[in-house]
Amino acid sequence: MSGSWALPVILALPLAGALLLLLLPEVGDAIAHVVGLVVTGSVVVGVLALFGSFDIGRAGRPQLELDGDWIPAIGVRFHLGVDGISLPLVGLAALLFLLCMVHLLRHMPEPVRPRALIGLLLLLETGVLATFMALDLIVFFIAFEVVLLPMYFVIALWGGERRQHAATKFILFTLLGSVVMLVGFLVVGTHAGTFDLVELAGRRGAGMPRGVQDAAAALMILGLAVKTPVWPLHTWLPDAHTEAPTVGSVLLAGVLLKMGTYGLVRLVLPVVPQGAHDLAPALAGFAVIGIVWGSLVCLVQRDMKRLIAYSSVGHMGFVVLGIASLTTIGVQAALLANIAHGLITGLLFFLVGALKERHHSSEIAVVGEGMLGQTPYLGSLLVFAGVASLGLPGLAGFWGEALALFGAWRPAGGLPAVWFQLLVCLACLGAIITAAYFLDLLRRTAFGPVPSARRLRPVGEARVSELVAWTPLVVATVVIGLYPRIVLGLGEAAVRGVLGVSA
Amino acid sequence: MSSAAWLLPAIPFAAALLGALPACRTRPRAAAIALTGATTTALVALLLLPSALDDPTRVRLDRLLIAPAGALQVLAGTRFDSLAAVVAVMVGVVALAVQVYSVGYLHDDLRYPSYAAQVSLFTSAMLLVVVASDLLELLVGWEVMGLCSYLLIGHYRELDYARRAAVKAFLVTRIGDVGMLLGVAVLGTAAGTTDIGELLAAVPRLPHGALVAGSLLLLLGVAGKSAQFPLHVWLPDAMAGPTPISALIHAATMVAAGVYLVARLHPLFLASTVTLDVLALMAAVTMLLGALAAFAQDDLKRLLAWSTTSQLAYMLGALAAGGYDAGLLHLMVHASAKALLFLAAGLVLHAVHTGALSQMRGVARRMPVAALALIVGGLTLAGLPPFAGAWSKDSVLAAMKSAAGGSGPGPDQFEGVLLYLAGLATVLITAAYVARLLLILLAPPAPRGDLHEPRLSMAQSVTALTVTCGVSTFLALPDALPSWLPAPAGAREGIELSVGGVTLTAIGVLAVFAALWLYSHAGARDPVLLLGSSQRRLRSGFGVDALYDRGAVRPTRSVAAAVAETDASAINHAVEGIGRSAVRTSSSLRVVGAGRVRSYLAALIAGVLLVVVSVAVVV
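The residue count restarts for each chain, going from 1 along the sequence in the order it is written. In the order they appear in the text, chains get letters beginning with A and ligands get numbers beginning with 1. Totals for whole chains, interfaces and linings use all residues, but because this is a predicted model, local features are given only for residues with pLDDT of at least 70 and pairs of side-chain atoms are given and counted only at 80 or more. Excluded from the side-chain calculation are hydrogens and water; included are all heavy atoms of the structure.

Bringing the overall build of chain A into the picture now. Each helix corresponds to a stretch of at least 4 residues labelled H or I by DSSP, and each strand to a stretch of at least 2 residues labelled E; elements are numbered beginning at the N terminus. Counting secondary structure elements, chain A contains 21 helices and three strands. Here chain A has a C-alpha radius of gyration of 22 Å; the compact-globule value for 503 residues is 23 Å, and the two agree. Exposure is judged per residue with a 1.4 Å probe applied to protein chains only, and the accessible area is read against the type maximum: over 50% gives exposed, under 20% gives buried, and values in between give partly exposed. Residue burial in chain A is summarised as follows: out of 503 residues, 68% are buried. Considering only contacts in chain A between residues 6 or more positions apart, those separated by 24 or more positions represent 81%. Accessible areas in this description were obtained via Shrake-Rupley with a 1.4 Å probe; residue shielding takes into account the shown protein chains only. As displayed, chain A offers around 15000 Å² of accessible surface, 67% of which is attributable to carbon and sulfur atoms. In this tally Asp and Glu are treated as negative and Lys and Arg as positive; neither His nor the chain ends contributes. To locate a charge, take NZ of a lysine, CZ of an arginine, CG of an aspartate or CD of a glutamate. For chain A, the separation between the mean place of its 29 positive charges and that of its 27 negative charges on side chains is 6 Å. The globule rule used for comparison is 2.2 Å times the number of residues to the exponent 0.38, while the radius of gyration itself is calculated over C-alpha atoms. Contact definition: two residues touch when any of their heavy atoms are within 4.5 Å.

Next up, the structure:
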């Protein structure tokens, strides 16, 4: 092993926390919240230290690397590192896990069992962070898998009425996706003789014939597309989101989906560039179908949780469209849109979770009108999150989607420009429908008179514990919206690297 | 010096932020913050004006890299020149008048604090549009304004029609904005920059296709914001908001932004004749449509709203004809006249508690402040000398006439002729609806009964605007403006005024006034009766709303329902089915129900491990 131990230490924190809670069945419930907060808080501190020691001048290369043999027989290396692409995602994940722990302090879903839930979430955090830090295909795969089981149990045990069905669907889809992705990794590994991502990215597919690249790219994209999700592999998502407890939905949308798009950028683009190039037009096509499709479904959606889940299909469609343009601007836009979606949709799921807790339903009709009148904080935050999600310029959601359109309007050389331009026009249509359904949602919930029944039995306003968990998301949405350079600047050099273009 | 331009959007933004704080949500504090913000903003705009006018060709840039994205490096900042300086003064003054007026108008409204903060944010967004140096940055102000209009139109949020009007305003303008974003993308990728100055410099070397497509798409955004056909439908409904908001939206902000953008990027538009043709046709249609619909309205504010779409079409028509200064002069003149008319209308509404014209007969006879304001604003709008509207309208018509003659910049001659004819016809129709408005409000006898007295701040701001409208734009502007705002290369220089033109227009306007006065028996009969059975059709704006509902809204909903259905059944089942059969074959387990998840899991994990191990062994 050689290199910095900073990353493994950060990974060890939540893992140790999870083990601690598992090993202490007696006292675990009592200290679970403390452990959860301390651990996720320390991870945030650790990640801030990462940002501090990160050399922005060399953001294009992995830093704080740790590299050593792991399974020499098949050439697997324990290789971790962060660059300008992964660091923002590590930051986003660390933040969201901490906020989820804050949220759980006062809002434990049924059946309570804090030791189990917090232990699982800490295990989940380990997997998520490791996914973003992995620089070896097999390490990436293992981390990717580590995420699945905790999330499965979170949905299956703390979910809503149809939690079993949703959890099964979730695990089926994502596991099958992973298997397909793994086969892709093996194709790459057997042809290249290494699983090391830095090594593979450096070769840029040299030595892999076009057919092999296409096959490997197809397998990897298929696997990652399940996670993202790309239409038509998205159908697990609405069920999982609807049934999952609030923290589950927040983490699914905020972090887990990003693993799919991150994988596209980290694995597919640099490792099998020819394959990525061959499949990009089709991938972009599916992405844009997802944008239009998701927004149309939202237009007639009656449940807020499902609505936000389908809106994610549309938003992630913009991310994938940006990636499929294979341009620096498009991929950078995708990474920014990733972060923005994590913040904004995370906030939306927190808000809808709060509404569900109060109304015991997330049906729009049950939640009802007049939130601004009776619960001005909840109502204003919903309006804020809604207009942020529809891509209001000046907030984080705008830049990623706008720049993705820039990238796709003039895709990388060799890609069919007219096809991409057609797709951009369709994506714009989706953006308009997105505005339509969010405004309709706000009209039917935030605005309007307070129903007379509710005047007698008031709905609780946002509590301090809730506001504490939500405020960082609001602030980050505004700051990134006004100064997107924070994220874009980090990613620029690294994105050039994965695309193999010089500055 | 240039960095001071930042203060223009920053001050009202700070006022909005402060006003949103829980501690500042009492009426006196909210009013103090809003008024201080608006006053300071107007003062800064005035202070920045002289140095900008000293050397009108000078552009002060102050930029900062905010979005480094590969081939596109977005530098946001301020681009301050005489155009920005003059428009900023207009925005600052009208916003101040609106804030002062609102203190009285919303005296009994519990939501005044958030209202005042939203107006501050609105002002900030408009000023960001004015000083923005980059199109993506401009788009931020552009759409935040859309958001604020949404919130303010929906101020009376308990009312269903107000909520619907708010959504409609946001959504219709958003359609234009998405088109505009695409236009910025087309131009930005072609030129490699979204900076306004660099983009204008790049116009000569842009590929023709990108130039035409990009400028046409920008036009979509202009149509949305400036309420031009076919995206004009939001504006009449937007009257659901409080009256001072109507003054703000219709005079100096929001709708003015579209005209401002065309002026800002005038060389870009002038480089594409196709775009000018479309702009000219759009303006010609909107001009007539708006004026006819205005004449047929039963509601005072809706009359003024339709009049706004029609007048904005004059400005855009002038710009299409290459008349840079003519269009901007009309923008300023209309801004002061319309703000005045709306605030005066607010006095009337406040007094009689209804917007229905039929209930307002003679009301203004008992309201001297409102009456004077209505006369000054109305005659300015109608373009009767010596009010400033006469000069601005005539210079607009002169530019259109030159375009119709096929000389200089502008659309093709055919479109130019149509535009000019529409412009001439609209002069008469405008005179007709102004005459109708004044006849109804000023006709004897004055009604008896109680009238709500206007609050002091309302009367003050109306009086101040009456003076502004009546005096400062009086003769002074037409001469000064061309020297302040030098037309960009390719546009028509200065303002063409002819004594003959002004006289003819004046005679036409007076003839219409006289005809309607006689027809209505000095105001006893509503001139709208002239329209007979076609009034309903005109009042609804020729049924465009219903057409959109049938042609776009309902079909989209049907498609959406079908898609949702397909998503729930076909796709879901297909994918689930594939998933299940894959599990069956790969795991060689018997079919298990959903309850026996662990078997699935065990099988899958075993399968995964098997693959890994076998590969490890083989390799």
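It is worth spelling out the nonpolar core at this point. In this structure, A:Phe170, A:Leu256, A:Trp470, B:Leu136, B:Tyr150, B:Trp234 and B:Val348 are the most contacted members of the largest nonpolar core, which totals 432 residues. Looking at this core, the element that brings in the most residues is helix α15 (residues 324-352) of chain B, giving 21 residues. Not counting residues within four places of it along the chain, the set of residues in contact with B:Tyr150 comprises A:Leu439, A:Leu442, A:Phe447, B:Ala166, B:Val167 and B:Phe170. For the purposes of this section, nonpolar cores are sets of buried Ala, Val, Leu, Ile, Met, Phe, Trp, Tyr and Cys residues that join through side-chain atoms within 4.5 Å.

What follows deals with the packing of helix α3 (residues 82-105) of chain B against helix α11 (residues 255-264) of chain B. Residue and element names in this part refer to chain B. Every angle, taken between N-to-C directions, lies between 0 and 180 degrees, and every axis is a line fitted to C-alpha atoms, over only the stretch in contact when it is a helix. In contact at an axis separation of 12 Å, α3 and α11 are set at 170° when each is read in the N-to-C sense. Taken as axis vectors, α3 and α11 run roughly antiparallel relative to one another. Every residue of α11 that contacts α3 at Leu83, Ala84, Val87 and Met90 is listed here: Ala256, Tyr260, Ala263 and Arg264. If an angle is under 35 degrees, it is roughly parallel; if it is over 145, roughly antiparallel; if it lies from 65 to 115, roughly perpendicular; otherwise it is oblique.

It is worth spelling out the packing of aromatic side chains at this point. We call Phe, Tyr and Trp rings a pair once their centres come within 6.5 Å, taking the six-membered ring for Trp, and we label the pair stacked below 30 degrees between planes, edge-to-face above 60, and tilted otherwise. As enumerated under the stated definition, the model contains 14 aromatic pairs over all chains in all. Centroid distance B:Tyr101 to B:Tyr105: 5.8 Å. Interplanar angle 20°. Geometry classified as stacked. Taken as a pair, B:Tyr101 and B:Tyr105 lie in helix α3 at a separation of four residues, close to a single helical turn. The burial state of B:Tyr101 is the same as that of B:Tyr105; both residues are buried. Taken together, the ring pairs in this structure connect A:Phe140, A:Phe144 and A:Phe185 into an aromatic cluster. Over the ring of A:Phe144 we find A:Lys227; its NZ or CZ atom is 4.6 Å from the centre of that ring. A positively charged side chain is recorded as over a ring if its NZ (Lys) or CZ (Arg) lies within 6 Å of the ring centre. The angle to the ring normal must also be within 35 degrees.

This part takes up the side chain of B:Ser102. All names here are of chain B. As for its placement among the helices and strands, serine 102 is situated in helix α3. Look at serine 102 and you get buried, because its relative accessible area is 0%. Not counting chain neighbours up to four residues away, the residues in contact with serine 102 comprise His107, Tyr112, Tyr115 and Pro244.

Once that is clear, we can look at the pairing of strand β3 (residues 76-82) of chain A. The side chains of a regular strand alternate between the sheet's two faces. Residue and element names in this part refer to chain A. Of all the seven residues making up β3, five are buried; the element is thus mostly covered by neighbouring parts of the structure. By the bridge criterion, six bridges tie strand β2 (residues 63-71) to β3 in an arrangement that is antiparallel. From the neighbouring strand, aspartate 67 faces β3, where its bridge partner is histidine 79. Paired strands, in this sense, are two strands between which DSSP finds at least two bridges.

Purely spatial values, then, with no claim about function.
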